[in-house]
Each structure stands twice: as C-alpha cells, then as structure tokens.
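What follows is each chain in one-letter form.
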Amino acid sequence: MSKRVLFVDDDLTVLELWRERVKNISDVKASFHKAPSEVAAKDTVESVVVIDEHFRSQHESGLEWIKRNSKTAVIYLCTSAYDDVAIQGQAKNLGFYIIPKPIIEKVALLS
C-alpha cells in the first residue's frame, strides 16, 4: 500500500526539492501544494504532511493549520525557526515533528 505524503510550501524551490527527493520512492504517493488552504482535513487522513510555517499572502500559518488538523495526520513542520523554543513547545503539545529547513537535503526518507 502506498504512503500518501502531502508537501505544503509557498516556495516553489522547496517543493521541487521535495519532489526530487521522493520521485524514486515507489511506495510514496506525493502531492505538492502552495498553501495550507489547498489541503483539506479529509485529504490528510492516514497521511503524512510536511508543511512550512510561514506563508506569504496567506491568512493561515503552518502552525495554525497544524492546530486544526493535528489529529488527522502525521505532521512535520519544515521550518527555518526549528530552534524556536515556542515552536518546540507546540510540537511537544500537539504531537508534530520538526524538520529544520536548512537540512532538507540531508533528511533521511524511509520508503
């Protein structure tokens, strides 16, 4: 059974980097989105979501989206603010994981 992974970032360069990282993993069905508003909670059931924190010209941040959807998916916040104590506290409280954006290329992907 394929794993569904949704990548959400308004930086097209970051989305393309993720696309390259997962393209040869046969059991991953990936989708790529430019804004949290493109991803409905029903689409995240039994999925993995990798979402950015800051979205230009969006009303909702990655953390706000996570607060609304943290029970429906396994969530990774991919952010440059990975060392922010407040974000780390929210990760612990809401049960999501943090991927430091500067090391996307080094993050181990499991198939």
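Attention here is on the structure that accompanies the text. (Residues numbered from 1 in each chain as written. Predicted model: local features only at pLDDT ≥ 70, side-chain atom pairs only at ≥ 80, totals over all residues. Heavy atoms only, no water.)

This next bit is on the side chain of Asp10. Along the chain, Asp10 turns up in the loop between strand E1 (3-8) and helix H1 (12-22). Taking the relative accessible area as the measure of exposure, Asp10 reaches 16% and is therefore buried. A distance of 2.8 Å separates a polar side-chain atom of Asp10 from the backbone nitrogen of Arg56. Discounting chain neighbours no more than four positions away, the residues touching Asp10 are Lys34, Asp52, His54, Phe55 and Arg56. (Helix = DSSP H or I, 4+ residues; strand = E, 2+ residues; numbered from the N terminus. Buried < 20%, exposed > 50% of the residue type's maximum accessible area, 1.4 Å probe, protein only. Polar contact = N/O pair within 3.5 Å; in protein donor to acceptor, adjacent residues only side chain to side chain. Contact = heavy atoms within 4.5 Å.)

Relative to strand E2 (residues 28-33), E1 is paired through 6 bridges, and the arrangement is parallel. In the sheet register, Phe7 faces E2, and the bridge partner there is Phe32. Note on the crossover from E1 through H1 to E2: the handedness is right-handed. As judged from the 5 bridges shared by E1 and strand E3 (residues 47-52), these two strands associate in the parallel manner. Residue Phe7 lies in a different strand from E3, and its bridge partner there is Val50. (Pairing = 2+ DSSP bridges. Right-handed = clockwise from strand over helix to strand, strands pointing away.)

What follows concerns the packing of helix H2 (residues 62-69) against helix H3 (residues 85-94). One can describe the packing of H2 onto H3 by two numbers: an axis separation of 11 Å at closest approach and a directional angle of 15 degrees. It follows that H2 is roughly parallel to H3 by the angle criterion. For the crossing formed where H2 meets H3, the hand is left-handed. Residues Leu63, Ile66 and Lys67 of H2 form the contact with H3, whose participating residues are Ile87, Gln90 and Leu94. For the contact of H2 with H3, the class distribution of residues is 4 nonpolar, 1 polar and 1 charged. (Axes fitted to C-alpha atoms, helices over the stretch in contact; angles between N-to-C directions. Parallel < 35°, antiparallel > 145°, perpendicular 65-115°, else oblique. Left-handed = near helix turned anticlockwise from the far one by under 90°. Nonpolar A, V, L, I, M, F, W, Y, C, P; charged D, E, K, R; others polar.)

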